[in-house]
Amino acid sequence: MKIYLDGKFVDEAEAKVSVFDHGLLYGDGVFEGIRLYSGNVFRLEDHLERLEYSAKSILLPLPLSRAELSQATCETCRLNNLTDAYIRLVVTRGVGDLGLAPWLCPKPSLFIIASKITLYAKECYDNGLAIVTVPTRRIGPAALPATIKSLNYLNNILAKIEAKQFGALEAIMLNDQGYVAECTADNVFIVHKGEIITPASSQGALKGITRAAIIDIARELQIPLRETDMTRYDIWCADECFLSGTGAEVIPVVKLDGREVGTGRPGPVTQRVLASFRKRVLTEGTRI
Ligand code: PXG
């Protein structure tokens, strides 16, 4: 496997960063998780825009322009002869001393990995997920905006561990006020009385690229969609629930906290949205 690392393509064995890199020492950096479908990178411009906003938010200068980032991403896929892949684009603060000070890190580091994807099993899409609400709250915007896709995922990892302790693959994370924020790596949607509802990103969610695609799909399918606050009760009593993310795409949820959602089977709106999403990913992307 060839990896893009700071301007060069190197073999996997040589793709290394320093133990003094602040991405490792402090989680000081930003990233994107992107999908390649049949030789098309899905919504690459949107991912690069989000990366730029994340970097700007932490005062991290990106080493490449938008066009150069796009070029390097596509080239990484081409060099590895990939048509379908998961792309991880990471920018770290770079090498510094053992103090926090980012201004003592002269050069950010950029690497791009394109490799196989580990997906949820097919049964999860056919039968839906049973998930739980976990005690760990999504970190609030006054501490660290969830809209920044940073290398600091401990908040989500604690929630993921708690989900596993309850035998679930995903977790509903609430914000400080007790409203639904998002899952550990996915945004949340419910369907209720013919309407799709998702928490506003101000509730403490990442502005998911897949989420944005679903908002477009709902408009195309003429299904009303609303962004508003959401409680656990809203999910328990919804007709359908599904999650969205680059890795998961659109995945049905059939149980939350031991309560069946709707019929306890993946619902018709979820299936229409998923079918439409799978059609879009084949046509919408940037050709590598
Ligand atoms: N919330 C969080 C906290 C995420 O990390 C999403 C929502 C969905 O956003 P997108 O833009 O993907 O629709 C994410 C995305 C992984 C992996 O390696 C994680 C994500 C994406 C791809 C892979 O587990 N997180």
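Residues numbered from 1 in each chain as written. Predicted model: local features only at pLDDT ≥ 70, side-chain atom pairs only at ≥ 80, totals over all residues. Heavy atoms only, no water.

### Points about the packing of helix H6 (residues 209–220) against helix H8 (residues 268–280)
Reasoning step 1: Contact pair H6 / H8: the axes reach a minimum separation of 10 Å and the direction vectors enclose 110 degrees. Relative to H8, the element H6 lies roughly perpendicular. Judged by the sense of rotation from one axis to the other, the crossing of H6 with H8 is right-handed. Contacts between H6 and H8 pair Thr210, Ala213, Ile214, Asp216, Ile217 and Glu220 from the former with Val273, Ser276, Phe277 and Arg280 from the latter. (Axes fitted to C-alpha atoms, helices over the stretch in contact; angles between N-to-C directions. Helix = DSSP H or I, 4+ residues; strand = E, 2+ residues; numbered from the N terminus. Parallel < 35°, antiparallel > 145°, perpendicular 65-115°, else oblique. Left-handed = near helix turned anticlockwise from the far one by under 90°. Contact = heavy atoms within 4.5 Å.)

### Side note on the packing of helix H2 (residues 44–57) against helix H3 (residues 66–79)
Reasoning step 1: In the contact formed by H2 and H3, the axes pass within 10 Å of each other and the chain directions differ by 125 degrees. The pairing of H2 with H3 is recorded here as oblique in orientation. As H2 runs across H3, the sense of the crossing is right-handed. Contact with H2, carried on its side by Leu44, Glu45, Leu48, Glu49, Leu51 and Glu52, involves Arg66, Leu69, Ser70, Thr73 and Cys74 of H3 and no other residues of that element.
Reasoning step 2: Partitioning the contact of H2 with H3 into residue classes produces five nonpolar, two polar and four charged. (Nonpolar A, V, L, I, M, F, W, Y, C, P; charged D, E, K, R; others polar.)

### Considering the site of the ligand
Reasoning step 1: Residues in contact with the ligand amount to 19 residues; listed here are only the nearest, Tyr153, Glu182, Ile209, Thr210 and Thr246.
Reasoning step 2: Arginine 88 is positioned such that a nitrogen or oxygen atom in its side chain is 3.0 Å from an oxygen atom of the ligand.
Reasoning step 3: Take glutamate 182: an N or O atom from its side chain is 2.6 Å from a nitrogen atom of the ligand.
Reasoning step 4: Coverage of the ligand by the protein amounts to 85% of the 540 Å² it exposes when considered alone.
Reasoning step 5: Secondary structure elements with two or more residues in the shell around the ligand: strand E5 (85–92), H6 and strand E13 (240–245).
Reasoning step 6: Taken together, the residues of the shell around the ligand sort by class into five nonpolar, nine polar and five charged.
Reasoning step 7: For the shell around the ligand, the domains that each give at least three residues are domain 1 (2–115) and domain 2 (122–283). (Near = heavy atom within 4 Å. Polar contact = N/O pair within 3.5 Å; in protein donor to acceptor, adjacent residues only side chain to side chain. Areas by Shrake-Rupley, 256 points an atom, 1.4 Å probe, with all protein chains shown as cover. Domains from an automatic or database assignment.)

### Re a nonpolar patch on the surface
Reasoning step 1: Taken together, the side chains of Val19, Phe20, Leu24, Leu25, Val95 and Leu98 present a nonpolar region at the surface, about 570 Å² in accessible area.
Reasoning step 2: Classification of valine 95 as partly exposed rests on a relative accessible area of 42%. (Patch = residues over 30% accessible without salt bridge, like charges linked within 9 Å, V, L, I, M, F, W, Y side chains within 5 Å. Salt bridge = Lys/Arg side-chain N within 4 Å of Asp/Glu carboxyl O. Buried < 20%, exposed > 50% of the residue type's maximum accessible area, 1.4 Å probe, protein only.)

### Focus on helix H5 (residues 154–165)
Reasoning step 1: An ideal rise of 1.5 Å per residue puts 16 Å on 12 residues; H5 measures up with 16 Å between its terminal C-alpha atoms.
Reasoning step 2: When we look at burial in H5, the residues that qualify are Asn155, Asn156, Ala159, Glu162 and Ala163. All buried residues of H5 fall inside an arc of 120 degrees around its axis, so they share one side. H5 presents Leu154, Lys164 and Gln165 as exposed residues on the side facing more than 90 degrees away from its buried surface.
Reasoning step 3: Turning to H5, the residues buried within the fold contact strand E7 (129–133) and strand E8 (171–174).
Reasoning step 4: Phi for glycine 167, located one or two positions after H5, is positive at around 75 degrees. (Expected span 1.5 Å × (residues − 1). Arc of directions from axis to C-beta.)

### Some points on the domain arrangement of the protein chain
Reasoning step 1: By domain assignment, the protein chain separates into domain 1 (2–115) and domain 2 (122–283).
Reasoning step 2: Taking only C-alpha atoms, the centre of domain 1 and the centre of domain 2 are 26 Å apart.
Reasoning step 3: Contacts between the two partners involve 26 residues from domain 1, matched on the other side by 21 residues from domain 2.
Reasoning step 4: Regarding the contact of domain 1 and domain 2, the summed buried area is about 1,800 Å², with carbon and sulfur atoms giving 62% of it.
Reasoning step 5: Remark: the boundary between domain 1 and domain 2 carries 12 residue pairs in polar contact (both at pLDDT 80 or more).
Reasoning step 6: Of all the elements in the fold, those that place two or more residues in the side of domain 1 that touches domain 2 are helix H1 (22–26), strand E3 (29–37), H2 and E5.
Reasoning step 7: The class makeup of the residues in the side of domain 1 that touches domain 2 is 10 nonpolar, 10 polar and six charged. (Buried area = accessible area lost by both parts, 1.4 Å probe.)

### Observations concerning H2
Reasoning step 1: With 14 residues, H2 should cover 20 Å at 1.5 Å per step; its first-to-last C-alpha distance of 20 Å lies within 8% of that length.
Reasoning step 2: Looking at H2, one finds that the buried residues are Leu44, His47, Leu48, Arg50, Leu51, Ser54 and Ala55. Axial view of H2: buried residues confined to an arc of 160 degrees, hence all on one face.
Reasoning step 3: Looking at the buried positions of H2, the neighbouring elements they touch are E3, strand E4 (40–41), H3, E5, H6 and strand E16 (286–287).
Reasoning step 4: Remark: leucine 59 follows H2 within two positions and exhibits a positive phi of approximately 55 degrees.

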